[in-house]
Amino acid sequence: MGATTIGALVGSAIDGLSGDDGVADGAIIGAVTANVLKVVLPLAITYAVGWAVLRGAGKLKDRVFGEVQ
């Protein structure tokens with residue numbers, strides 16, 4: 001099952017719990033959210049790993065060559 005389908009099912013189930021109206025709008029919001037997360041989540045993880053590597057490389061350089069003041 002694709003992320004879009006799972007997002008639609010989860011959104012539909014959450015919207016169905018409110019009991020206000022149909023579940024179609026919740027399914028659409030869930031599908032869109034799933035597709036946005038497919039793009040944003042890998043970017044955020046890549047940024048965090050890159051930041052950690054650069055921070056570690058800076059600390060290693062300071063340890064090897066001494067801290068520049």
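See the structure above.
The notes below deal with the structure included here. Please read all numbers here as calculations on a predicted model, not as lab measurements.

**With respect to the overall build of the protein**
So, step 1. Within the protein, the secondary structure is distributed over two helices and zero strands.
So, step 2. Scaling as 2.2 N^0.38, a compact globule of 69 residues should have a C-alpha radius of gyration of about 11 Å, whereas the protein reaches 21 Å, well beyond that.
So, step 3. Taken over the C-alpha atoms alone, the protein extends approximately 65 × 25 × 15 Å along its principal axes.
So, step 4. Looking at the protein residue by residue over its 69 residues, the buried ones come to 12%.

**Digging into the side chain of Ser12**
So, step 1. Among the secondary structure elements, Ser12 is positioned in helix α1 (residues 3-18).
So, step 2. Dropping the residues within four chain positions of it, Ser12 is found in contact with Val23, Gly26 and Ala27.

**What about the pattern of salt bridges?**
So, step 1. Under the defined criterion, the tally for this structure stands at one salt bridge.
So, step 2. For Lys61, the salt bridge is made with Asp62, and the minimal N-O distance between the two is 3.3 Å.
So, step 3. Judged by relative accessible area, which is 27%, Asp62 ranks as partly exposed.

**Section: α1**
Residues three or four positions apart in an α-helix share a direction because the helix packs 3.6 residues into each turn.
So, step 1. With 16 residues, α1 should cover 22 Å at 1.5 Å per step; its first-to-last C-alpha distance of 23 Å lies within 8% of that length.
So, step 2. Gly7, Gly11, Ser12 and Asp15 are the residues of α1 that are buried. Mapping the buried residues of α1 onto a view down its axis gives an arc of 130°, with all of them on the same face.
So, step 3. Residues of α1 that are buried sit in contact with α2 (24-65).

**Brief notes about the environment of Ala3**
So, step 1. Looking at where Ala3 falls in the secondary structure, it is placed in helix α1.
So, step 2. For Ala3, a relative accessible area of 35% puts it in the partly exposed group.
So, step 3. Remark: the alpha-carbon pair of Ala3 and Ser18, spanning 15 residues in sequence, is separated by 23 Å.

Parameters at a glance
- Residues numbered from 1 in each chain as written.
- Predicted model: local features only at pLDDT ≥ 70, side-chain atom pairs only at ≥ 80, totals over all residues.
- Heavy atoms only, no water.
- Helix = DSSP H or I, 4+ residues; strand = E, 2+ residues; numbered from the N terminus.
- Rg over C-alpha atoms; globule rule 2.2 N^0.38 Å.
- Buried < 20%, exposed > 50% of the residue type's maximum accessible area, 1.4 Å probe, protein only.
- Contact = heavy atoms within 4.5 Å.
- Salt bridge = Lys/Arg side-chain N within 4 Å of Asp/Glu carboxyl O.
- Expected span 1.5 Å × (residues − 1).
- Arc of directions from axis to C-beta.

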